[in-house]
Amino acid sequence: MRVFDDLAGVPAGFGPAAVTIGKFDGVHVGHRAVIGRLREIAAERQLSAVAVTFDRNPLALLAPDKCPDSLVSTRQKLELLATTGLDATLLLHFDRMLASVPAEEFVERILVGALGAKALLVGDDFRFGARGAGDVALLERLGERHGFTVEVLGDIRPDGERRVSSTWVRELLDEGDVARAAELLGGHRPTVSGVVVHGAARGRELGFPTANLSPESEGLIPGDGVYAGWLTDAGVRYPAAISVGDNPTFEGVPKKQVEAYVLDRELDLYDHLVDVEFVERIRGMVAFTTIPDLIATIQDDVDRIRTILLG
């Protein structure tokens, strides 16, 4: 998949293209259904399949108090989009200038002028342009003028009732239901990426040395608890017991600390950029009155996690 980091990066004469537009936060099964249909259109009409997205949620600029936490970073989003079979993604920097572009100009300059759009695929609630003034009806009128077709795709409802959305995935992660979240994410497990930093070394003292992720990690961290999962370093995946939370047994632990204990081996991971995937939550966080009780529970956690991951 080609990635155009801005409008200027689109080669002259690019296209013709089938285009869809969205935030694509998490690249969940709803997004993948849209892209799947986009690829069908592109194949039928010999077009390039292109997604247009943004380097941030537009609400981060327009209404920060209403902007939810992102499921993935921009880097993670582009990596996920690359798995969908798209030919290219145009990543637009969402700033005041872009936010002020009128709907008609957005279509004429970006979709038609830069990408050579001959087909557009959007959802029925699609809005675009300054103050969200553009809608599907306007898009259809502009299509008649500029020679592109517009197809509207309905919601994806795997349970027959609720539509798939990034909001639903966030709710599941807050509840710690990473397994169900992974289903909505098309099989991609919730993943946090970050640099391993020095911690208080309590895990090492207890016999379970952990890799502590920097607070500046990428990806939405699930709710507090202990999870089975995988730690990936330099392309090598290791089974891991993962703790998320403030560790109520000890004082001074940062909120939402992610710690991963690689099962049955000790690795020097300091300053390494690692991915931590969440497979299943096995319990919530609890405070222990004695260190022996804590150690016994951790050992039980590790045994359960080994069975979940390795059988």
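Now for a look at the structure at hand. (Residues numbered from 1 in each chain as written. Predicted model: local features only at pLDDT ≥ 70, side-chain atom pairs only at ≥ 80, totals over all residues. Heavy atoms only, no water.)

## Some remarks on the packing of aromatic side chains
Point 1. By the definition in use, this model includes six aromatic pairs.
Point 2. Ring centres of Phe126 and Phe128 lie 5.4 Å apart, and the angle between their planes is 15 degrees; on these two criteria the pair is classed as stacked. A single burial state applies to Phe126 and to Phe128, both of which are buried.
Point 3. Between the aromatic rings of Tyr227 and Phe278, the centroid separation amounts to 5.2 Å while the plane-to-plane angle is 80 degrees, which identifies the pairing as edge-to-face. With Tyr227 in strand β9 (residues 225-233) and Phe278 in strand β12 (residues 273-283), this pair connects stretches of sequence that are 51 residues apart.
Point 4. By relative accessible area, which is 1% here, Phe278 ends up buried.
Point 5. Members of the aromatic cluster, joined through ring pairs, are Phe106, Phe126 and Phe128.
Point 6. Sitting above the plane of the Trp230 ring, Arg237 keeps its charged end 4.4 Å from the centroid. (Phe/Tyr/Trp six-rings, centres within 6.5 Å; stacked < 30°, edge-to-face > 60°. Buried < 20%, exposed > 50% of the residue type's maximum accessible area, 1.4 Å probe, protein only. Helix = DSSP H or I, 4+ residues; strand = E, 2+ residues; numbered from the N terminus. Lys NZ or Arg CZ within 6 Å of the ring centre and 35° of its normal.)

## A word on the environment of His198
Point 1. In this fold, His198 is placed in the loop between β7 (191-197) and α9 (202-206).
Point 2. Owing to a relative accessible area of 62%, His198 belongs among the exposed residues under this scheme.
Point 3. Along the backbone, His198 and Asn212 are 14 residues apart, and their C-alpha atoms lie at a distance of 6.7 Å.

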